[in-house]
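This is what each chain is made of:
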Amino acid sequence: TLITNKDAKDIKGQGIFKTTFSAAVSRGKFARNQIQGVESNQGPYRLQGAENEPFIIVLSGTEKVYIDGKLMDRGQGNDYIINYNTSEVTFTAKQLITKDNRIVVEFQYSDKNYARSKLHFGNDFEKDKLKLHFNIYSEQDSKNQPLQQSLTTDQIKLLSRIGDTLSNAVVPGVDSVAFTNSEVLYKKKDTIAGGQSYKIYVYSTNSDSAHFLVSFSNVGQGNGNYKQITSSANGKVFQWIAPVLGVKQGNFDPVIQLITPKKKQMVTTGFDYAFSKNSKLSVEAALSNNDINTFSTLDKYDDVGYGLKMNFDNVQPLFKSSLKDTVSGSVKLLTNVNYEYVQKYFSPIERYRSVEFERDWNLGTTPVISDQHIIGASVLLSEKGTGDIGYKFNALLEGANYNADKQFVNFDFKHKGFNINYDGSLLNSTGITNTTFYRHKSGVSQ
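Numbers given for residues are sequential positions, taken from 1 along each chain in its written order. At least 70 in pLDDT is required for a residue's local features to be given in this predicted model, at least 80 for side-chain atom pairs to be given and counted, and no such filter applies to totals for whole chains, interfaces and linings, which use all residues. Values shown for side chains rest on all heavy atoms present in the structure; no hydrogens or waters enter the calculation.

1. A few points about the sheet that holds strand S6 (residues 70-71)
Turning to step 1, where the next piece is worked out: Note on pairing: DSSP must find at least two bridges between two strands before they are called paired. To qualify as a helix, a DSSP run of H or I must reach at least 4 residues; to qualify as a strand, a run of E must reach at least 2; elements of each kind are numbered from the N terminus. With respect to topology, four strands assemble into an open sheet ordered S3-S9-S5-S6, the strand pairing being antiparallel. The outermost strands of the open sheet, each flanked by one partner alone, are strand S3 (28-36) and S6.
Turning to step 2, where the next piece is worked out: Examined bridge by bridge, strand S5 (residues 64-67) and strand S9 (residues 102-110) share four bridges and lie antiparallel to one another. In the strand pairing of S9, tyrosine 66 is matched with valine 104.

2. Digging into helix H1 (residues 153-161)
Think of an α-helix as 3.6 residues a turn; residues three or four steps apart then line up on the same face.
Turning to step 1, where the next piece is worked out: Only protein chains enter the accessibility calculation, which uses a 1.4 Å probe. A residue is then buried if its area is under 20% of the maximum for its type, exposed if over 50%, and partly exposed in between. Among all positions in H1, only Gln155, Leu158 and Leu159 are buried. With its buried residues spanning 95° around the axis, H1 presents them on a single face. Looking at H1, the residues exposed on the side facing more than 90 degrees away from the buried face are Thr153, Asp154 and Arg161.
Turning to step 2, where the next piece is worked out: When checking whether two residues touch, look at their non-hydrogen atoms; a contact exists if any pair is within 4.5 Å. Its buried side turned inward, H1 meets strand S12 (170-172).
Turning to step 3, where the next piece is worked out: The positive-phi residue at the C-terminal boundary of H1 is glycine 163, with phi of around 60°. What the arc measures is the spread of directions leading from the helix axis to the C-beta atoms.

3. As for the nonpolar core
Turning to step 1, where the next piece is worked out: To qualify as a nonpolar core, a set must consist of buried Ala, Val, Leu, Ile, Met, Phe, Trp, Tyr and Cys residues joined through side-chain atoms within 4.5 Å. Ranked by size, the top nonpolar core spans 19 residues in total, and within it Leu47, Tyr80, Ile82, Phe91, Val105 and Phe107 carry the most contacts.
Turning to step 2, where the next piece is worked out: Residue assignment for this core shows that the elements contributing at least two residues are S3, S5, strand S7 (80-83), strand S8 (88-91) and S9.
Turning to step 3, where the next piece is worked out: Here this core takes four residues from S9, the largest share from any one element.
Turning to step 4, where the next piece is worked out: If we ignore the near neighbours within four places in the chain, the residues touching tyrosine 80 are Glu63, Val65, Met72, Asp73, Arg74, Gly75, Val89, Thr90, Phe91 and Thr92.
Turning to step 5, where the next piece is worked out: Membership of the second largest hydrophobic core comes to 14 residues, among which are Tyr186, Ile200, Val214 and Tyr226.

4. Considering the packing of aromatic side chains
Turning to step 1, where the next piece is worked out: When the centres of two rings from Phe, Tyr and Trp lie within 6.5 Å, Trp using its six-membered ring, the rings pair. Their planes under 30 degrees apart give stacked, over 60 give edge-to-face, and anything left gives tilted. For the structure shown, the criterion picks out 15 aromatic pairs.
Turning to step 2, where the next piece is worked out: Pairing phenylalanine 17 with phenylalanine 125 gives two aromatic rings, centres 4.7 Å apart and planes at 45°, and the pair type is tilted. One end of the pair, phenylalanine 17, is in strand S2 (residues 16-25); the other, phenylalanine 125, is in strand S10 (residues 114-127), with 108 residues separating them in the sequence.
Turning to step 3, where the next piece is worked out: Relative accessible area serves as the criterion here: at 17%, phenylalanine 125 is assigned to the buried category.
Turning to step 4, where the next piece is worked out: Here phenylalanine 275 and phenylalanine 312 contribute two aromatic rings whose centre-to-centre distance is 6.1 Å and whose plane-to-plane angle is 65°, an arrangement assigned as edge-to-face. Taken together, the residues phenylalanine 275 in strand S22 (residues 263-276) and phenylalanine 312 in strand S24 (residues 304-321) connect sequence positions 37 residues apart.
Turning to step 5, where the next piece is worked out: Overall, the relative accessible area of 30% leaves phenylalanine 312 in the partly exposed class.
Turning to step 6, where the next piece is worked out: Cluster of aromatic residues (ring-pair linked, three or more members): Tyr186, Tyr203, Phe216, Tyr226, Phe238 and Phe252.
Turning to step 7, where the next piece is worked out: A ring is scored as having a charge over it whenever the NZ atom of a lysine or the CZ atom of an arginine sits within 6 Å of its centre and within 35 degrees of its normal. In this arrangement the basic side chain of lysine 392 is found over the ring face of phenylalanine 408, its NZ or CZ atom lying 4.6 Å from the centre.
Turning to step 8, where the next piece is worked out: The aromatic ring of tryptophan 361 is capped on one face by lysine 406, whose charged end is 5.0 Å from the ring centroid.

5. Quick look at the pairing of strand S30 (residues 435-445)
Turning to step 1, where the next piece is worked out: In the sheet, strand S29 (residues 418-431) pairs with S30 via eleven bridges, with the strands oriented antiparallel. Paired with glycine 424 across the bridge in S30 is histidine 440.
Turning to step 2, where the next piece is worked out: Hairpin connection from S29 to S30: three residues lie between these consecutive antiparallel strands.

6. Let's talk about the sheet that holds strand S4 (residues 45-46)
Turning to step 1, where the next piece is worked out: The antiparallel open sheet is built from three strands, whose spatial order is S4-S8-S7. Looking along the sheet, the strands with just one partner apiece sit at the ends: S4 and S7.
Turning to step 2, where the next piece is worked out: Two strands pair when backbone bridges link them, and S4 and S8 are joined in this way by two bridges, in the antiparallel orientation. Across the sheet, the residue bridging to tyrosine 45 is valine 89, located in S8.

7. A closer look at the pattern of salt bridges
Turning to step 1, where the next piece is worked out: Salt bridge, as used here, is a side-chain nitrogen of Lys or Arg placed within 4 Å of a carboxyl oxygen of Asp or Glu. Following the criterion strictly, the structure yields 15 salt bridges and no others.
Turning to step 2, where the next piece is worked out: Across the salt bridge formed by arginine 116 and aspartate 141, the nearest N and O atoms sit 2.8 Å from each other. Of this pair, arginine 116 sits in strand S10 while aspartate 141 is found in strand S11 (residues 130-146), placing the two residues 25 residues apart along the sequence.
Turning to step 3, where the next piece is worked out: According to the relative accessible area criterion, aspartate 141 is buried, its value standing at 6%.
Turning to step 4, where the next piece is worked out: Close ionic contact of lysine 300 with aspartate 303 constitutes a salt bridge, the shortest N to O distance being 3.8 Å.

8. Structural notes on the environment of lysine 264
Turning to step 1, where the next piece is worked out: When you line up the elements, lysine 264 lands in strand S22.
Turning to step 2, where the next piece is worked out: The buried category is assigned to lysine 264, whose relative accessible area is 18%.
Turning to step 3, where the next piece is worked out: Sequence-wise, lysine 264 and valine 304 are 40 residues apart; in three dimensions their C-alpha atoms are separated by 9.9 Å.
Turning to step 4, where the next piece is worked out: Here lysine 264 is in contact with Tyr137, Ser138, Glu139, Asn289, Asn290, Ser347, Pro348 and Ile349, once residues within four sequence places are set aside.

9. Thoughts on the environment of phenylalanine 212
Turning to step 1, where the next piece is worked out: Note on placement: phenylalanine 212 falls in strand S16 (residues 212-214).
Turning to step 2, where the next piece is worked out: Residues phenylalanine 212 and phenylalanine 179, 33 residues apart in the sequence, show an inter-C-alpha distance of 8.3 Å.
Turning to step 3, where the next piece is worked out: Sequence-distant contacts of phenylalanine 212, that is, excluding residues within four places in its chain, are made with Val174, Asp175, Ser176, Val184, Leu185, Tyr186, Lys187, Lys188 and Tyr201.

10. A look at a nonpolar patch on the surface
Turning to step 1, where the next piece is worked out: A cluster of nonpolar residues, Phe21, Leu119, Phe121, Phe134, Ile136, Val267, Leu287, Val304 and Tyr306, forms a patch on the protein surface that exposes about 690 Å² of accessible area.
Turning to step 2, where the next piece is worked out: Secondary structure elements with two or more residues in the nonpolar patch: S10, S11 and S24.
Turning to step 3, where the next piece is worked out: The topology assignment puts valine 267 in strand S22. Residues enter a patch when their relative accessible area is above 30% and they make no salt bridge; the linking distance is 9 Å between like charges and 5 Å between nonpolar side chains (Val, Leu, Ile, Met, Phe, Trp, Tyr). Areas reported here follow the Shrake-Rupley algorithm with a probe of radius 1.4 Å; residue values treat only the protein chains shown as occluding.

Written out as structure tokens, the structure reads:
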């Protein structure tokens, strides 16, 4: 990694400039797995890559493991252990897993499909009450330097025709070879199931018919016609399973999944302006470009997306107060107004929202199909040593698809060794289904 940083001093009140440039060759690729816990099963839970690769190597120390939104600690005496070579996470007795647990694992893994480069340029300016910032980020696979796969001219032409439909980036995994005892070979035969005729591959050691070397790929349960079986052969053996009423019953097919080269770029710009020591306005705009197949010029309409975020904070001292047996201090009123706009094609580099954002808003796992608007405002009355009471309102709007409003109330009071607190929220949403979600946490202690 090459990093240059030039920080000029504020000469004669002209302001401070700071410029940063960095370039790197990436070792890993970011992935995020959402896993539903299994009752009384501490693991191991296997992780998959961003392209659903079943066998990956996780880069040491890059993982973040969450259970129900809470960050876990690694270690035999803590919450979980991880095998980086097999990409498996196992939870300790300190974190008993049930069917209701929501497990999220974010990590980077070794990705050697293409040589990948990363570039970043940043420029910041600060003068008096104003701060400006501008950043450019680029992450790109070199399509002319494939590493783990060797693409033929016909395969490159196929990738150029499929656009963003990556499920079509497959080629037959069958090769006709001479018989040998050192390979797992198959014979081709015709069969009939449910009145339909099929050409299938069957494992064989017969030198007269076993002339096909077949590569199988995991295409997901219910999407394939083969499954892996136990065998004494020196290698993995797959068996054809007849479809039932036209529904596939396996999870493997005799195909090779091609990995497309990708490019992700982002430009951000914004400013912070302090009207006074108690109030500040922050605005940031972002433009993203996410191309999941740089071989193709098709389906480019959804590559570019943009977002906007605005935030205004104000702290207003009200009056002095000194309750008996409490710490004296001024009573302050804290107010906030914020707005966030995310266009449906906007693609962040990594997650920037809370881990359980979808659950907090009852969105489920469905992809975003409309632009999102999030409007919020809050007011908090606080006194040091006594406590605070606050109210917050948020609304998430997605047009006819989904609209919701959420109200928060929090209360925390300390007096003569007593501590009383309450934290609750009420969500009302309309869309495909109408829902109401109320949850709270409260306590009294001495």
